[in-house]
2 protein chains.
Amino acid sequence: MTDQDRRAHRREARRPGAATRAAGVRPLEMKLPLTEVLAPDGVESIHRASMRLLKEQGILVLDYPPARETFKQNGATVEGELVKIDEDTLLHFVKQAPSTFTQLARNPANNLTLGGRSMVFAPVYGPPFVGSLDWGRRRATIEDFRNFAKLTYMAEHLHHNGGTLCEPNDIDVKERHLDMLLAHIMLSDKAFMGSVTHADNARDTVTMSRILFGEEAIQQTPATLSLINASSPLRFDDRMFGALEVYARARQAVLVTPFIIAGAMSPSTMAATLAQQNAEALFGICYAQMLNSGTPVIYGSFLANIDMKSGAPCFGTPEDALALYGGAQMARHYNLPYRSGGNFTASRTPDAQAGYESASTIWPTVQAGVNFVLHAAGWLEGGLIAGYEKFVIDLEMCGMMARYVNGVGLSDEDFAWDAYQEIGPGQHFLGAQHTMRHYDTAFYQHKVFSMDNYEKWESEGSQDTYHKANAVWKKTLKEYEQPPLDPAIAEELNAFVEQRRMEIRQGKPRTEWTR
Amino acid sequence: MTDQDRRAHRREARRPGAATRAAGVRPLEMKLPLTEVLAPDGVESIHRASMRLLKEQGILVLDYPPARETFKQNGATVEGELVKIDEDTLLHFVKQAPSTFTQLARNPANNLTLGGRSMVFAPVYGPPFVGSLDWGRRRATIEDFRNFAKLTYMAEHLHHNGGTLCEPNDIDVKERHLDMLLAHIMLSDKAFMGSVTHADNARDTVTMSRILFGEEAIQQTPATLSLINASSPLRFDDRMFGALEVYARARQAVLVTPFIIAGAMSPSTMAATLAQQNAEALFGICYAQMLNSGTPVIYGSFLANIDMKSGAPCFGTPEDALALYGGAQMARHYNLPYRSGGNFTASRTPDAQAGYESASTIWPTVQAGVNFVLHAAGWLEGGLIAGYEKFVIDLEMCGMMARYVNGVGLSDEDFAWDAYQEIGPGQHFLGAQHTMRHYDTAFYQHKVFSMDNYEKWESEGSQDTYHKANAVWKKTLKEYEQPPLDPAIAEELNAFVEQRRMEIRQGKPRTEWTR
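Residues numbered from 1 in each chain as written. Chains lettered and ligands numbered in written order. Predicted model: local features only at pLDDT ≥ 70, side-chain atom pairs only at ≥ 80, totals over all residues. Heavy atoms only, no water.

## Focus: helix H19 (residues 465-479) of chain A
Spelled out, the test is: The helix and strand labels rest on DSSP assignments: H or I over at least four residues marks a helix, E over at least two residues marks a strand, and numbering proceeds from the N terminus. Under the convention used throughout, the expected extent of a helix is 1.5 Å for every residue step, that is, one less than its residue count. Relative accessibility under 20% of the residue-type maximum defines a buried residue, over 50% an exposed one, and the middle range a partly exposed one, all with a 1.4 Å probe and only protein chains included. It is the directions from the helix axis to the C-beta atoms that the arc portrays. By definition, residues are in contact when any of their heavy atoms lie within 4.5 Å. For this analysis, a polar contact is any N or O atom pair within 3.5 Å, provided that within protein one partner can donate a hydrogen and the other can accept it, and provided that sequence-adjacent residues contribute only side-chain to side-chain pairs.
The end-to-end C-alpha distance of H19 of chain A, which contains 15 residues, comes to 21 Å, matching closely the 21 Å that a straight helix rising 1.5 Å per residue would cover. Along H19 of chain A, the residues that are buried comprise Thr 465, Tyr 466, Ala 469, Asn 470, Trp 473 and Thr 476 of chain A. The buried residues of H19 of chain A occupy an angular sector of 145° when the element is viewed end-on, so they sit on one face. Opposite the packed face of H19 of chain A, turned more than 90 degrees from it, sit the exposed residues Lys 475 and Lys 478 of chain A. In the core, the buried residues of H19 of chain A are packed alongside strand S8 (129-132), helix H6 (142-154) and helix H14 (388-404) of chain A together with helix H13 (352-367) of chain B. The N-capping residue of H19 of chain A, defined by a side-chain oxygen 3.2 Å from the backbone nitrogen of Tyr 466 of chain A, is Asp 464 of chain A.

## Structural notes on the confidence of the model for chain A
Residues and elements named next belong to chain A. What counts, and what does not: On a scale of 0 to 100, pLDDT captures the predictor's confidence in every residue.
Per-residue confidence for chain A gives a mean pLDDT of 95, with 95% of residues at or over 70. Note that pLDDT drops below 50 for residues 6-14; the model gives that stretch five contacts with residues more than four away or on any other chain. Interface confidence for the predicted complex, expressed as ipTM, amounts to 0.95; the pTM equals 0.96.

## A closer look at the pairing of strand S9 (residues 136-139) of chain A
Residues and elements named next belong to chain A. Basically, it comes down to this: The pairing criterion is simple: DSSP has to find at least two bridges between the two strands.
Two strands pair when backbone bridges link them, and S8 and S9 are joined in this way by four bridges, in the antiparallel orientation. Note on S9: the bridge partner recorded for Val 130 is Arg 138. The turn joining S8 and S9, which pair antiparallel and follow one another in sequence, is formed by three residues.

## Things to note about the pattern of salt bridges
This is how it is decided: Criterion for a salt bridge: a side-chain nitrogen of Lys or Arg within 4 Å of a carboxyl oxygen of Asp or Glu.
Under the counting rule described, the total for this entry stands at 52 salt bridges over all chains. For Arg 437 of chain A, the salt bridge is made with Glu 413 of chain A, and the minimal N-O distance between the two is 3.0 Å. Within this pair, whereas Arg 437 of chain A is found in helix H17 (residues 433-437), its partner Glu 413 of chain A is found in helix H15 (residues 412-415), the two being separated by 24 residues in sequence. Here Arg 437 of chain A falls in the partly exposed class, since its relative accessible area comes to 45%. Residue Arg 176 of chain B pairs with Glu 167 of chain B through a salt bridge whose shortest N-O separation is 2.6 Å. Judged by its relative accessible area of 10%, Arg 176 of chain B is buried. One continuous salt-bridge network, built from bridges that share partners, spans Glu 175, Asp 179, Glu 498, Arg 501 and Arg 505 of chain A.

Below, the structure is given as structure tokens:
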């Protein structure tokens, strides 16, 4: 090692997050018994109801004849745009999906297990707006997108980069997927999600993954995980099934998620809602297996409910929590990885309501053993706002959950016999040797929440969490440094993006790109 | 019925909360499987560790020789102020405690079951301060106490009046228990807690209960439930054991609760903390049974942890949640009703932190199946502040929990077959007959939280939850009407209180009062 190398090495070691980057961010491993809300016969009832829906009602497959053809060839009944499928045919394909799989990240230490007892946290997905104490709410830009990519990279308790962190409205909708993918790849070294807005955009995602990892690597292990929403009730369209087809054929992972606001996109009762969700999720998963047996999939749930009086969506409700747990039981019934939950709220700012509702989602999320937790940080106003302050506040909860899942230690050291020998009845343990040994690790250490008493808090300006968090995200962005990427790969990615941008602007068909 | 009666009847029916008052406020019945964090051998390890603590370390019983004498006579070893007891002796007495019991309320519809699957919510207990958007924080007065008694009475989702709703600092400490008891009895018709600040105050509580219910009634079914704190670690004092003795001999229920901030009053590891809590709770319960076999008791837990760096208490942490669940398993192991949790926070105002921390306590509380939930509404700044706005915001969570515990319905109606027949794939369910049938009951209906979109919210003044709740508690107090009480009983209670007030002011010994 030359002196220059040593200096560089020391500089690297001092960089914020350097230790995390080297070690990678490991997903949570849920070591506790999972909370369940359905008895085994409840799971069976919901299974049977969903099989009946698929056989008798069927699923609308809109504007995408190839999918209907695929279903037909594999034993389903097609009536116009309606596809009906029986239990045996469906389960024959569903069983071909792996129960766990790995997703590649460009830092191999950040490769992720999806399924089993693994829990992966990813940031908010999809908001057209960004929110902050500084400006309230405004339309998101690519600058905001990049900021959230940086904040995600810096976050110790986010294991995955997510996808559409916010909509970069200042870039044409036809080409913005390129800028988003480039930001994910360049600004972070965690795993990321692909574009689903068009089959061509999915192809671009696959091509960029090939450039980054190589064709063979992504054939063996998916480099992207992409969100395929059902347009519930009982309906998929060409946009989503088109993207799904591209990904399945390229052996990239898909997250099939019915999008249900109960009372509107499903009946207002949770049993029916769970049955419908089950039918829709399994239908999409079945299609992925028909296209390419063994395609890695996740059984998805995005489930909220309407406010009956106003029709507005509600989040963090008791009904949503029950459905979240029930959905987890259904996914486990089919041996599939499960996506659900996050830190949801209907509130527009990170106020008390946002705190109660978010915690009321993330606790069931973790206790249900959800494998992929999208929207774990930054979600406001029912997903319309990516909140800067909300993002860093939610990370506090993610950090707490990372400790919770480890449960209660029961070693001799945990029973602290030496502490009782040292400290007699009636005396405090603050100075005990045992307490000193556990000083750094005993309890979760807060980053944003304040334990200050009223006097200290008042003397420092009576800042609530919203104000405190404002300083935190700004400091984090200031400390951000881009993770290095092989210049040859960076150059090739940039070249591809510029070529595709030209093609899109000129209205030319997509050129197939091969390395 | 005369016309006058009819008018009175109609007026009564229109009074806010009249329906609730007639029907009573029923405790929650937890119908879901309980969440557990300890395997059976974990429960056994903690049991064994606590038996070792009781036998080898012992419990300090300070300034109360009669208690040490009682333990000695019943087979414990007394060394100075230290009482050591073996497993067989301890469990012999613990087993005499009932697994469930009823507490009387002056409205018989509000009588409560404590134990089993019943969950009772009670308001915050003990804060010296009150907080509001209007004034920040100030010392509490009897007027505040009465306000919280009224708010509790009006609260659909509080089943119990609690005890020291806040400290009435404007009344001399020697007599304020009288004013608090009178407020509980006069302003509400729900069950209440007794005074524990002195054995004489406990006697006053028992006397007032006798006046209200009659001697025989309270001998059969306790009229009060009183909070006996251990002064942890491994210590009880004359104040608490003096009050416990009065209550046990009068067959009134006691809630034996170690008061533990882990890292200070216990080691910083949760296994040791749970073992110590178990030792302390069982020791107090054992004492109650030695005094009067069959005395109704609750196994209590008040458990938070310190911030290692500042020494400040933390609330809503992952460690606290684990301990809450673990404590529930221990209480069930001995077949005892369990008290724990609430809506805890270290925050000084109802901000996002307060929301996250409170929800992070109430979810584990409910999922652990806690039977008596003190501090379910109003808690701020680690219990130093009874917050007016926090109180009504917490009620929102209590209301959600009241729905959560019912689980997922699985009847034919819940599967909504007619809705699918009516509404084809791709159509929304808003106007379906099935949705209309469930319009009023389908989902939790929010009282404080707002589902308004950003535009509506902004046009109405961008109020956060703190501001919204400010209007709610004021409106509730305005709507309050005192529940009628037999004038003869009211007169006798007032006479007793005035007599005792005189005795206390004149420094005279307590007169035994018999009806």
